[in-house]
Number of protein chains: 8
Amino acid sequence: MKSTEFNLDFKREERTGLSEAIFCGGKSTKQINAILEAISKAGRSVLLTHLTSDKFQEFSIELKSCIDFDPSSNTGFFSTPYPLLPSKNIAIITAGTSDAAVAAEAARTLTFFGHRYELIQDIGVAGLWRLLDRVDEIEKFPIIIVVAGMDGALPTVIGGLVSGAIIALPTSVGYGAAESGRTALNASLTSCTAGIVVVNIDNGYGAACAAIRMLTAASRSN
Amino acid sequence: MKSTEFNLDFKREERTGLSEAIFCGGKSTKQINAILEAISKAGRSVLLTHLTSDKFQEFSIELKSCIDFDPSSNTGFFSTPYPLLPSKNIAIITAGTSDAAVAAEAARTLTFFGHRYELIQDIGVAGLWRLLDRVDEIEKFPIIIVVAGMDGALPTVIGGLVSGAIIALPTSVGYGAAESGRTALNASLTSCTAGIVVVNIDNGYGAACAAIRMLTAASRSN
Amino acid sequence: MKSTEFNLDFKREERTGLSEAIFCGGKSTKQINAILEAISKAGRSVLLTHLTSDKFQEFSIELKSCIDFDPSSNTGFFSTPYPLLPSKNIAIITAGTSDAAVAAEAARTLTFFGHRYELIQDIGVAGLWRLLDRVDEIEKFPIIIVVAGMDGALPTVIGGLVSGAIIALPTSVGYGAAESGRTALNASLTSCTAGIVVVNIDNGYGAACAAIRMLTAASRSN
Amino acid sequence: MKSTEFNLDFKREERTGLSEAIFCGGKSTKQINAILEAISKAGRSVLLTHLTSDKFQEFSIELKSCIDFDPSSNTGFFSTPYPLLPSKNIAIITAGTSDAAVAAEAARTLTFFGHRYELIQDIGVAGLWRLLDRVDEIEKFPIIIVVAGMDGALPTVIGGLVSGAIIALPTSVGYGAAESGRTALNASLTSCTAGIVVVNIDNGYGAACAAIRMLTAASRSN
Amino acid sequence: MKSTEFNLDFKREERTGLSEAIFCGGKSTKQINAILEAISKAGRSVLLTHLTSDKFQEFSIELKSCIDFDPSSNTGFFSTPYPLLPSKNIAIITAGTSDAAVAAEAARTLTFFGHRYELIQDIGVAGLWRLLDRVDEIEKFPIIIVVAGMDGALPTVIGGLVSGAIIALPTSVGYGAAESGRTALNASLTSCTAGIVVVNIDNGYGAACAAIRMLTAASRSN
Amino acid sequence: MKSTEFNLDFKREERTGLSEAIFCGGKSTKQINAILEAISKAGRSVLLTHLTSDKFQEFSIELKSCIDFDPSSNTGFFSTPYPLLPSKNIAIITAGTSDAAVAAEAARTLTFFGHRYELIQDIGVAGLWRLLDRVDEIEKFPIIIVVAGMDGALPTVIGGLVSGAIIALPTSVGYGAAESGRTALNASLTSCTAGIVVVNIDNGYGAACAAIRMLTAASRSN
Amino acid sequence: MKSTEFNLDFKREERTGLSEAIFCGGKSTKQINAILEAISKAGRSVLLTHLTSDKFQEFSIELKSCIDFDPSSNTGFFSTPYPLLPSKNIAIITAGTSDAAVAAEAARTLTFFGHRYELIQDIGVAGLWRLLDRVDEIEKFPIIIVVAGMDGALPTVIGGLVSGAIIALPTSVGYGAAESGRTALNASLTSCTAGIVVVNIDNGYGAACAAIRMLTAASRSN
Amino acid sequence: MKSTEFNLDFKREERTGLSEAIFCGGKSTKQINAILEAISKAGRSVLLTHLTSDKFQEFSIELKSCIDFDPSSNTGFFSTPYPLLPSKNIAIITAGTSDAAVAAEAARTLTFFGHRYELIQDIGVAGLWRLLDRVDEIEKFPIIIVVAGMDGALPTVIGGLVSGAIIALPTSVGYGAAESGRTALNASLTSCTAGIVVVNIDNGYGAACAAIRMLTAASRSN
């Protein structure tokens, strides 16, 4: 198959403040390799998502040595991430242990782009006291990513208790009527708490980028 | 269209403890009339559900005088309901005002079959303090029907706070991703709180019958 | 149906900064009346949404005189809205004329809560030059609500051109494969532009509340 | 990924009478290990569900020796289960042999929490005589869990013959129009028999917990 | 809109034994009129289905006089139906009164094409004794159309008791999880009774035509 | 609601060869009026689609006199349509009479843009001889729009008999498993005949525009 | 898990003329073994369906020797099948080679129950001449099973050409909009040809049983 | 399973200009072998699609030597492809690298049938400047295949910029709300750009055949 030149999008970063990430899900090792070579030549860094351990192991030793790989989130930092900023405006909250991998993708994305975060785990609404014990702490964060699968009730409850921005991050945890995350997604979209926003199922990367966009907005609002 | 005799099911009551109700939704005024005549001849009473005001107005004056009609729940009692029992074991809880009609169908069904209930309204999880103020009261009821549309989060939260039987009654309140009640239904089915049971969307009648079955079970368990 | 007292949620405003709104969709005129009376007694104001002209006409003359009703958005302000704030941080952008009613709901919600906005209409991606002509203007707003039905492509394209927060507001405009807004919703959720957040189909009220939450977050971030 | 402390929910048992179970489906061996260590330190026992033989084999020999593992139900008892209660109030009924694994999960959950049950297998309605032969026996149980996939007709037929509480437990047995259990689930939700309640597809654990909640309700009703 | 000649399909009858029927659902009164005129000129008769009373009233007095209209089934016989055959091989069985209109469409279609049938009503499986009382009678019919909405369990139960051909005719009776008949349809498709065949939701006409095809097959098999 | 100027897209025609049409479905009479005034001032013509007779009657007498309205297709020509071109390259074929309205929308769109067409009606595959009689005629047209609802089989059969471009135009004719046109749409998308292309359900306008794009392509290919 | 006795259904055959088959899909080798032992003790034979080569290889050598296994259809005959009947009333027709496995399941089921059939392959409507060449041959069979995936158009076309009973057997062949056979299923259910009946996706066993039921009906009709 | 002769469709090519391709997805190696032998005997060539590397490796060495296999597109040319035509009328455009495999299937199909094409990659709308840089180049091609997964926005944007025929080719790239390509498919079907046509998800073969049909139409239009 003849083709035009490989087409990297370096302009994206200057326009949106977020450099293009590489979604490894639908790509062959060969394709990823070619992209990283081009990025390397341009002297840039990049975030890799949906990079499984198996796929990472197929990389050459040389390439592996350039990537800070994290198997719990299936992410990799190619070359140097952004410098870490001093302030911590974002909390990541999970409903249960099964949501940890998706939360980790959000956390790693924030880290790559230089943002600090607080991780608060396992406070799903089935045991409400766990959440109530920490409301004061949660309230301190202007931006809160709430990670929840199954019934997706946690964003609604937290959103009713605090005034900041709530990003619901539904996960595909569950089976049967959980419909691969569709139920958690819909529950957040139809939340009886006003002003909750939602990203795609299991999209930790997207939730983190949304939080960064909100911080950009914050720095420019008056 | 030639037909065999009209076929009423009086044996049902002796087997299940619940007499057959008439779902007026898919039936013509003429069909309902014929059924009520047969019931009248048999000297029995019956509950009518999904009976709109418009359909009720089409009945003859004579028939109307035999029916205790309630427009808020679209139910009617034809002839005398069951005698009222002394104890009050059931609470009906709603998330919001829009859920009132479905709650009313459950309430009327309980009344028809002689069961008392407590109605606790408007304590949806978007304003958690409303619910927390009343947990002690709710805990006293062994059987709790929780009526909620949209994200359907209320049954999960209540189920995590009390030990009794929780019957989730999803409603079709909401739009878009609420999917006509499907989201509230699925959220209760995939609740992270264990042991919640669910009935069909908007099925106040079914939730009440389930509560009665549980009381029957209670009277026979050891 | 016996009931506990009507249950208004005045605490919500102090917790989340957003007073409870009244979704008139599933409520009878009688129910709305009762709620407004209670709010009136408490000396408060409230936003009414999904209030059709037909339903508004059923109100008493006295009640109608207390409501600033807008038929294009099906919203009403009961009593005095919040005082208008000086700065203008939010743009509302529509893809086509058919999206105007949903945009109007967002606009009215912002107005009720005292926030200014800029409305930019009819710049759907089928005629890309309309959008390109205005990118510089759009870029100035830190928070952008993008209203689009059918293929829901507009949030993706705008999000790729600017760095601020993008709230995709899908509408039910379209037929057939538009699936009552589900396609526009899904397209925004799976946007190839990173960091777009989404609210429910036709939920102008929710998009506006999300924007306000982001401004609250902005005022508290560092 | 930095994190707050691991967050076990020991209060749940005192509130709901049911200790938290560990859903092993979405968790790594490492995560399960960490949770069990914490439980062990607290001197408690726990039920593990969705624990496949493959995952169990990955555990250390020491850990394996602390778990009573059952491959037919994919469940494990970590440490000592609850003491066995004397009475037998619950029947578990299956439509076919393919439903046995889900029934086994319900059975094991009951056993873990100290409840006896009667298992009645293979009496699906395609061979009605099998069911009719046993109606008298079934009628004796106040609470009946009915496990059925495909068309999910068995709960409806049994519910029409007995007066106790019926918990429909749909399974994902079948293909094509069985829609991974959705058809059996919907059939039970829309049952023409009144008062049937439903739990999620393949959720044997949830059905058992629901039965236990009903027994709690029974002990407290009057 | 210029057009080619109107295109009637008289050859269909000689090939399949069933003349073309007119589905009035998507057609204007004017279109139906034109078709009937053409049929009249050709000296033929035709069955009209989905002909509501309202649409029928829009016909001219002259046309109305040529149609034997039945409002309970929304069918009409234009001109003379087929001569009635002597034998009675088909039973139509309904689960409940709400299924009567669909059963009536099947019945009228059989009558139009000259086939006798027995109608057995209201023997849904929620009251199994009603069905058991009549099994011997039902067994006598070689072809049985079973009309059932909601959970669609009746075809399965009957199919397990008799050896003849079972045509499941699902109806859109029910709400919520009944999914406009989809649940009854799927339940029959995944029936645990072998050899049940299914037609479209509410398609009484199709079920009757299928029965006639089976009788044609019977007359030609050896 | 304050707004920027109304935003007409006159550049679209010069880029794509097709002027913007007005989809009247989601627009108020007032909105349509305002758009037409702007178009009138610009000295242009426009096609209106989804314009029902009821909505048309709400227009002022003056406006009505400027529109060539066709109730069978719910379309209107505002001001002068494009001049009629001499050649006839397009056939529109329908499966049944119920598909006529959608075919008419396609036909009117072609006429507005100056293209001739041949209309061949009622040759659905249930009566295959009707189609076979006309294959030679159909084969002569390089571009064929095939309009079919229900099972959507006609595009597949025609596509297997001729070599030209086949545009499948599924319609929402049918009920139950027809799923409002989704089945006809999917059937054409998964056609076993190679190279069939599809437009949205009931989108006669889109099918005609696609045909015109193909003629543009034809004039430029070599 | 304690259990009641294993529950075989030998009465089914005498009631319906079809002995119970064993669906091996959801069953373990151990379960199948136990069932076959019981059947063996009862001196009966049985058909096994959904028996993959892998599962068959797990059987003991002794058991394997008692089974006539066919890998192309994933079926096995345990012990002696029914004696072969002399007449041949059934045709099995496939649209394409990919439908062969499902057709083979139907063919083997017929063989097990002693019925002859004619297999006519690869005559899908994309190449209509293949079908037209064989219409006379097809017309001779009173009962026709038509196997088709993707667009499922073949049953409609054949049903319009012949007068016998048509059993549509949709397959899961295809991808994307084929929706795992749902499109072929729906297309047959909404066929514009009257009187087509349908069985579940890939259910060759069910289609064969339906054909046998029709032959039983034929032998008893008059 | 006895069978009629294997049924190849050589007439298809002369009728439609496109020879039958072999979809290897649902076929066994044995079946493919048999088909190729028959084709070989007839002295013809054929395109194989959905031929994975694993399946190709199962072929005999002899057979492999007759096939020009391409693992990036899972296609094979058996025997000689069509002679290459001189003109280049078709562009294939992809949104992202993950869409490359589907684009490759389209490209290989064009090559097999002798058509040249231009491949333009990675110009998705998230980075609009990539697309804008190449509009002039794209505009030159009369027929454009646009390959896009996820939100499927690219066909809409390109269609608004050029006048030629646009074939949207949705891919299953993405997860969650991408719904295996359904969202990209629906977005193109409901595109706000008029005249876009769509083929099935991942159907590169179909998109190429559609382009060839359009060229055939072009050669015959006037």
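Each chain has its residues counted from 1, running along the sequence as written. Starting at A for chains and at 1 for ligands, labels are handed out in the order in which the entities are written. Predicted model: local features are reported for residues with pLDDT of at least 70 only, side-chain atom pairs are reported and counted for 80 or more only, and whole-chain, interface and lining totals are derived from all residues. The side-chain values count all of the structure's non-hydrogen atoms but skip hydrogen atoms and water molecules.

Residue contacts follow a heavy-atom distance rule, with two residues in contact if any of their heavy atoms lie within 4.5 Å. Taken together, the 24 residues of chain F in the interface contact 24 residues of chain G. For the pair chain F and chain G, the summed buried surface comes to about 2000 Å²; carbon and sulfur atoms form 70% of the total. By definition here, a salt bridge exists when the distance from a side-chain nitrogen of Lys or Arg to a carboxyl oxygen of Asp or Glu is within 4 Å. The interface formed by chain F and chain G includes 0 salt bridges. N or O atoms within 3.5 Å of each other form a polar contact, as long as, within protein, one can give a hydrogen and the other can take it, and as long as residues adjacent in sequence are counted only when both atoms are side-chain atoms. Linking chain F with chain G are 6 residue pairs in polar contact (both at pLDDT 80 or more). Contributing elements (two or more residues each) for the side of chain F that touches chain G: helix 6 (128-132), helix 8 (154-159) and helix 9 (182-189) of chain F. With 4 residues, helix 9 of chain F is the largest single contributor of residues to the side of chain F that touches chain G. Note on residue categories: nonpolar means Ala, Val, Leu, Ile, Met, Phe, Trp, Tyr, Cys or Pro, charged means Asp, Glu, Lys or Arg, and polar means any other residue, Gly included. Its residues placed into classes, the side of chain F that touches chain G shows 15 nonpolar, 7 polar and 2 charged. Buried area: the accessible area, evaluated with a 1.4 Å probe, that two parts lose upon being put together, summed over both parts. Working definition: helices are DSSP H or I runs of at least four residues, strands are E runs of at least two. Numbering for both runs from the N terminus.

Another point: the sheet that holds strand 3 (residues 67-70) of chain H. Residue and element names in this part refer to chain H. Whether two strands pair depends on DSSP finding at least two bridges between them. Strand order in the open sheet formed by 4 strands is 1-2-4-3, and the pairing between neighbours is mixed. Edge positions in the open sheet fall to strand 1 (22-23) and strand 3, since each of these has one partner strand only. As judged from the 2 bridges shared by strand 1 and strand 2 (residues 46-49), these two strands associate in the parallel manner. The residue of strand 2 that forms the bridge with isoleucine 22 is leucine 48. To get an axis, a line is fitted to the C-alpha atoms, and for a helix only the part in contact is used. The angle between two axes follows their N-to-C directions and goes from 0 to 180 degrees. Relative to strand 2, helix 2 (residues 29-41) is tilted by about 165°, and along the sheet it contacts strand 1, strand 2, strand 3 and strand 4 (75-78). This element, helix 5 (residues 100-112), spans strand 2, strand 3 and strand 4 of the sheet and lies at about 10° to strand 4.

What follows is about the pattern of salt bridges. Close approach of charged atoms allows side chains with opposite charge to pair. For the coordinates displayed, the defined rule picks out 56 salt bridges over all chains. In this structure, C:Glu139 engages A:Arg220 in a salt bridge whose closest nitrogen and oxygen atoms are separated by 3.9 Å. Of this pair, C:Glu139 sits in helix 7 (residues 135-139) while A:Arg220 sits in helix 10 (residues 204-220), on two different chains. Working definition: with a 1.4 Å probe on protein chains only, accessible area under 20% of the residue-type maximum means buried, over 50% means exposed, and in between means partly exposed. Given a relative accessible area of 28%, A:Arg220 falls into the partly exposed group.

Residues and elements named next belong to chain B. Tracing the backbone shows phenylalanine 78 in strand 4 (residues 75-78). In sequence terms phenylalanine 78 and phenylalanine 112 are 34 residues apart; their C-alpha atoms lie 9.8 Å from each other. When residues no more than four places from it in sequence are discounted, the contact partners of phenylalanine 78 are Leu36, Ile39, Ser40, Arg44, Ser45, Val46, Leu48, Leu63, Cys66 and Ile67.

Among the 8 residues in helix 9 (residues 182-189) of chain H, 8 count as buried, and that is most of the element. Listed as buried for helix 9 of chain H are H:Arg182, H:Thr183, H:Ala184, H:Leu185, H:Asn186, H:Ala187, H:Ser188 and H:Leu189.

Within the largest apolar cluster, 230 residues are counted, with the highest numbers of intra-cluster contacts made by B:Leu154, C:Leu154, D:Leu154, E:Leu154, F:Leu154 and H:Leu154. If sequence neighbours within four positions are ignored, D:Leu154 has contacts with D:Ile93, D:Thr94, D:Ala95, D:Ile123, D:Gly124, D:Val125, D:Leu131, D:Val146 and D:Ala148. To form a nonpolar core, buried Ala, Val, Leu, Ile, Met, Phe, Trp, Tyr and Cys residues must be joined to one another through side-chain atoms within 4.5 Å.

Right, let's talk about the relation of the copies chain F and chain G for a bit. The transformation that overlays chain F on chain G combines an axial shift of 0.0 Å with a rotation of 180°, and the residual RMSD is 0.0 Å. Each copy turns onto its partner about a two-fold axis. Taking C-alpha positions as the reference, the residue of chain F nearest the rotation axis is F:Ala153, at 2.7 Å. Both copies share a contact surface, since 100% of the interface residues of chain F are interface residues in chain G too. Copy-to-copy superposition: least squares on the C-alpha atoms, limited to residues that have pLDDT of at least 70 in both copies.

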